[in-house]
Amino acid sequence: MSTVAQEPPVADPLLALLADAGAPAPAEVLLGALTDPARLAVPDDAPHGSGRGVAVLFWRGSVHVLGYDRRDGRRDGGCPRCLCWFLTRQVVPRPAAPYGEPSDSARARAGAETLWLGLTPALRAVVVQLAALLLSEDRPGGSLVTVDRASGTVKPGRIPPRAGCPGCPPSTATTAVAFDTDPASLVKAEGTLRTRTPLPATLASDFVGPHALFQSPLVDLDGPVPAAQVHLPLGNGDLEPGIGRSLTFAASRRTAVLEGLERYTGFHYRPSRGIVEATLGELGARAIDPRTLGYHADESYARDDFPFSPLATDETVRWVPVTPLGEGPARYLPEPALTWVRPPGARAPFFYDTSNGFALGQSTEEATLHGILEVVERDAFLLTWYRRLVLPELVIGPADRALRDLVERVDMVTGFRVRLFWAALDTGIPVVLALAQRESASGPCTFVSTGAGLHPRKAAESAIFEVAAILSAVTHSFEENLPHAARLADDFHLVRTMSDHSLLGALPGSRPWFDFLSTPDRPTLSFADAAATVPVFATLGEDLDHVRTRIEAVGAHIYVADVTTPELRWRGLECTRTFVPGFLPMTFGHDTRRLVGLPRLDRAPLPYASLLPPGHSAADVPPHPFP
């Protein structure tokens, strides 16, 4: 009687081949479909939960070979669940496809065997060699190699650890900030408000691609200045843009990725430590009352269809710690005010919110400095708009050749004349407003933007980049959007989006709204004189102390929350959100203005005259045109 030799199960030859290739003993081997892999047998001397694992996962015509850490507490790279989430959320209008818990059942092993044997012997040999390579300890966790099954093309990559991944070590995120960066790391690169430490050279390849946060490739945008854009896919199928504008496309691409990461943080950061549940009354002075951040009008909250709800005095909510910049104890901020994104099942937000105050850096100090500057910039613009302030016009002199070239380039390419105004208000922190206009009875006519910084010329440069980009975008689609623009002009309640604001402001009929900016009876200021008002420091820490002092001088205080996700920390980046109670927040939508609870709006002593007509208030001013 003859017997037929049984083919050994997939696990045995795969593990044997890995051993033959000189690979270290794996802690875990996964094989099969990306969303439903099988866990194969592992050697007895490599217990589950420690050491290096390897996954061979099939998805959409490719084989993804991933080396990852199974050691407790390690988050230097993503795991198979992270990879599954990044890949599947790019192609379905939901956060991610379901991930089956790896199983060693006969069904799971049979499915894995079918996929494995479906590869040619040559591809199987390639995959084994790659898996052996990724099991090596000198390979960082999250190292990925993707093999195209049709062409055999091999492409390397890295997978970041994902915020909220159940397969990675639990999060220990807290919003409390420790401003303890080594002072030597805060020395600035010359002429910038950034550290001398270069950004990771692999920034784009780490975060852009089919296996990363941004699937769509970076796109260079047409316009009068170099600009680039990256898209963050959202759970509802929409795309959130990250845009960079600078003097070169290379710098614009880096900025686009960084802005995209900032947006990503807002959607995915969730604190897990330091949270307390209490009422506003119970916390008392330890709480930041959300009303001091700007509320909507009472009549808006009273509407049945209004999607926001104020905090009741006796309502119990979750509060997160925020750290004061400078002296003083930590205070608590209601968690619904931490980001502009409402998690599933959460209470209605207190108010309409944006990414105001979010910023990235290579230290908490660097991120916080830029978050403060954004808060100051938006506050300065809104105070200028709602109080119709007569700002000094900045004169571009012989020493400002780079700015003159930039303004002339915008004029030559678009036909818009750009004028610059000094919007450093009571804080004295440099803010520059750019006004772009052209004389025309039709088509778009007027745009504004602002830039902030501690170098007036850099602030002006930023404002010009922004206004040039928005006028280019609006002009491109203006004719097709003209019927919608006409409806906005007839009914301000229809102004709901950021693009609505800039489109309405661009109409020829809106041009008189900007007359207060260009009135001939106004002072002028040279860039040299503006720069003389701002001290120059060598480190970001000194800059941070300076802006804190300036803001405290007007009776306000700065609070900071750490909102860094594992994806950012993986590449040495930090993200913070800055809050300055009392300062005006940027909002979009005429019915979602936040003008209540902000005394600066009508009582702050400002250095420039107001052209707001007697008896009028901010509620009587047309929708702002901020892009």
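Residues numbered from 1 in each chain as written. Predicted model: local features only at pLDDT ≥ 70, side-chain atom pairs only at ≥ 80, totals over all residues. Heavy atoms only, no water.

If you look the protein up in an unreviewed UniProt entry, it shows as YcaO domain-containing protein from Streptomyces hundungensis.

Novice: I would appreciate a short explanation of the overall build of the protein in the present structure.
Specialist: Within the protein, the secondary structure is distributed over 17 helices and 20 strands. Here the C-alpha radius of gyration of the protein, 28 Å, is about what a compact globule of 627 residues would show, namely 25 Å. Reported as C-alpha extents along the three principal axes, the dimensions of the protein are approximately 110 × 60 × 55 Å. Taken over 627 residues, the protein has a buried fraction of 54%. Within the protein, residue pairs in contact and separated by at least 24 positions form 69% of the contacts whose partners lie at least 6 positions apart. Here the protein displays about 26500 Å² of accessible surface, and carbon together with sulfur accounts for 54% of that area. Between the mean site of the 58 positive side-chain charges and the mean site of the 70 negative ones, the protein shows a separation of 1 Å. (Helix = DSSP H or I, 4+ residues; strand = E, 2+ residues; numbered from the N terminus. Rg over C-alpha atoms; globule rule 2.2 N^0.38 Å. Buried < 20%, exposed > 50% of the residue type's maximum accessible area, 1.4 Å probe, protein only. Contact = heavy atoms within 4.5 Å. Areas by Shrake-Rupley, 256 points an atom, 1.4 Å probe, with all protein chains shown as cover. Lys, Arg positive; Asp, Glu negative; His and termini not counted. Charge placed at Lys NZ, Arg CZ, Asp CG, Glu CD.)

Novice: In this structure, what is going on with the sheet that holds strand 2 (residues 36-39)? I would like to understand it.
Specialist: Strands belonging to one sheet form pairs held by backbone hydrogen bonds; the direction of such a pair is parallel or antiparallel. Here we have six strands laid out as an open sheet, ordered 2-1-3-4-5-6, and mixed in their pairing. On the outer flanks of this sheet lie strand 2 and strand 6 (154-158), each paired with one strand and no other. In this sheet, neighbouring strand axes are inclined to one another by 20 degrees on average, regardless of whether the strands run parallel or antiparallel. Where strand 5 (residues 143-148) lies against strand 6, five bridges are found, and the strand directions are antiparallel. (Pairing = 2+ DSSP bridges. Axes fitted to C-alpha atoms, helices over the stretch in contact; angles between N-to-C directions.)

Novice: Hey, could you run me through empty space enclosed by the protein in this one?
Specialist: In this approach, a probe sized like a water molecule rolls over the atoms, and the result shows the empty space that is left. Throughout the structure, instances matching the rule amount to three cavities of 30 Å³ or more. A volume near 150 Å³ is recorded for the largest cavity. What lines the largest cavity is a set of 14 residues, among which Leu293, Asn356, Phe579, Pro585 and Arg594 lie closest to the centre. The biggest single contributor to the lining of the largest cavity is strand 20 (residues 574-579), with three residues. Its residues placed into classes, the lining of the largest cavity shows nine nonpolar, two polar and three charged. A volume near 40 Å³ is recorded for the second largest cavity. As for the second largest cavity, its lining consists of Leu382, Tyr386, Pro585, Thr587, Arg593, Arg594, Leu595 and His624. Across the lining of the second largest cavity, the residue classes break down as four nonpolar, two polar and two charged. (1 Å grid on protein atoms, 1.4 Å probe; cavity = no way out; pocket = protein on both sides within 12 Å on 5 of 7 lines; lining within 4 Å. Points joined across faces, edges and corners; volume = space filled by probe spheres on them. Nonpolar A, V, L, I, M, F, W, Y, C, P; charged D, E, K, R; others polar.)

Novice: Can you walk me through the packing of helix 9 (residues 364-387) against helix 16 (residues 540-552) in this structure?
Specialist: Geometry of a packed helix pair, given as the angle between the helix axes and the separation of the axes. For the pair helix 9 and helix 16, the least separation of the axes is 9 Å and the interaxial angle reads 35 degrees. Along this stretch, helix 9 crosses helix 16, giving a crossing that reads as left-handed. For the pair helix 9 and helix 16, the contacting residues are Glu365, Glu366, Thr368, Leu369, Ile372 and Val376 in the first and Leu540, Asp543, Leu544, Val547 and Ile551 in the second. Its residues placed into classes, the contact of helix 9 with helix 16 shows seven nonpolar, one polar and three charged. (Left-handed = near helix turned anticlockwise from the far one by under 90°.)

Novice: Could you clarify how one ought to interpret unusual backbone geometry in this entry?
Specialist: It is generally the case that most residues other than glycine have a negative phi and that most peptide bonds are trans. Here the phi dihedral of Arg60 falls at roughly 50 degrees; this positive angle occurs in a residue that is not glycine. Take Arg60: it is sitting in the loop between strand 3 (52-59) and strand 4 (62-69). Look at Arg388: it is not a glycine, yet its phi comes out positive at around 50 degrees. Following the sequence through the fold, Arg388 ends up in the loop between helix 9 and strand 14 (393-395).

Novice: Looking at this structure, I do not really get the packing of aromatic side chains. What am I missing?
Specialist: Aromatic rings in a pair are described by how distant their centres are and how their planes are angled relative to each other. Counted according to the given criterion, the structure contains 16 aromatic pairs. The interplanar angle of 75 degrees and the centroid separation of 5.6 Å between the aromatic rings of Phe267 and Trp340 together place this pair among those described as edge-to-face. Note that Phe267 is positioned in helix 6 (residues 249-268) and Trp340 in the loop between strand 12 (331-334) and strand 13 (358-361), a separation of 73 residues in sequence. Taking 5.2 Å as the distance between ring centres and 75 degrees as the angle between the ring planes, the aromatic pair formed by Phe306 and Phe308 counts as edge-to-face. Classification of Phe306 by relative accessible area gives buried; the value is 9%. A cation over a ring is seen here: Arg388 above Trp385, with NZ or CZ 4.4 Å from the ring centre. (Phe/Tyr/Trp six-rings, centres within 6.5 Å; stacked < 30°, edge-to-face > 60°. Lys NZ or Arg CZ within 6 Å of the ring centre and 35° of its normal.)

Novice: Can you help me understand the state of the cysteines in this one?
Specialist: The bond known as a disulfide is covalent and runs between the sulfur atoms of two cysteines. Scanning the model with the defined rule gives zero disulfides in all. Counting only cysteine sulfurs, Cys82 is the nearest neighbor of Cys575, a cysteine outside any disulfide, at a range of 19 Å. (Disulfide = S-S within 2.5 Å.)

Novice: Please explain the pairing of strand 5 as it appears in this structure.
Specialist: Side chains on a regular strand alternate between the two faces of the sheet. In terms of burial, strand 5 is largely enclosed, as five of its six residues are buried. The pairing of strand 4 with strand 5 spans six bridges and is classified as antiparallel. By the bridge assignment, Gly67 is partnered in strand 5 with Ser143. Connecting strand 5 to the next strand, strand 6, in antiparallel fashion are five residues, including Gly152 with a positive phi near 80 degrees.

Novice: Please clarify how the nonpolar core should be interpreted in this entry.
Specialist: One broad rule of soluble globular proteins: the nonpolar side chains tend to lie buried together. Within the largest apolar cluster, 89 residues are counted, with the highest numbers of intra-cluster contacts made by Leu391, Leu420 and Ile551. When residues in this core are grouped by element, the largest group, 11 residues, is from helix 9. Residues Cys84, Leu213, Leu258 and Ala337 belong to the second largest nonpolar core, which totals 66 residues. (Core = buried A, V, L, I, M, F, W, Y, C linked by side-chain atoms within 4.5 Å.)

Novice: Before we go on, may I ask you to explain the environment of Gly77 in this structure?
Specialist: Position of Gly77 relative to the elements: it lies in the loop between strand 4 and helix 2 (80-88). The exposure class assigned to Gly77 is buried, which follows from its relative accessible area of 10%. Along the backbone, Gly77 and Ala312 are 235 residues apart, and their C-alpha atoms lie at a distance of 43 Å. Once you skip the residues sitting within four places of it in the chain, Gly77 turns out to touch Gly141, Gly142, Ile159, Pro160, Pro161 and Trp570.

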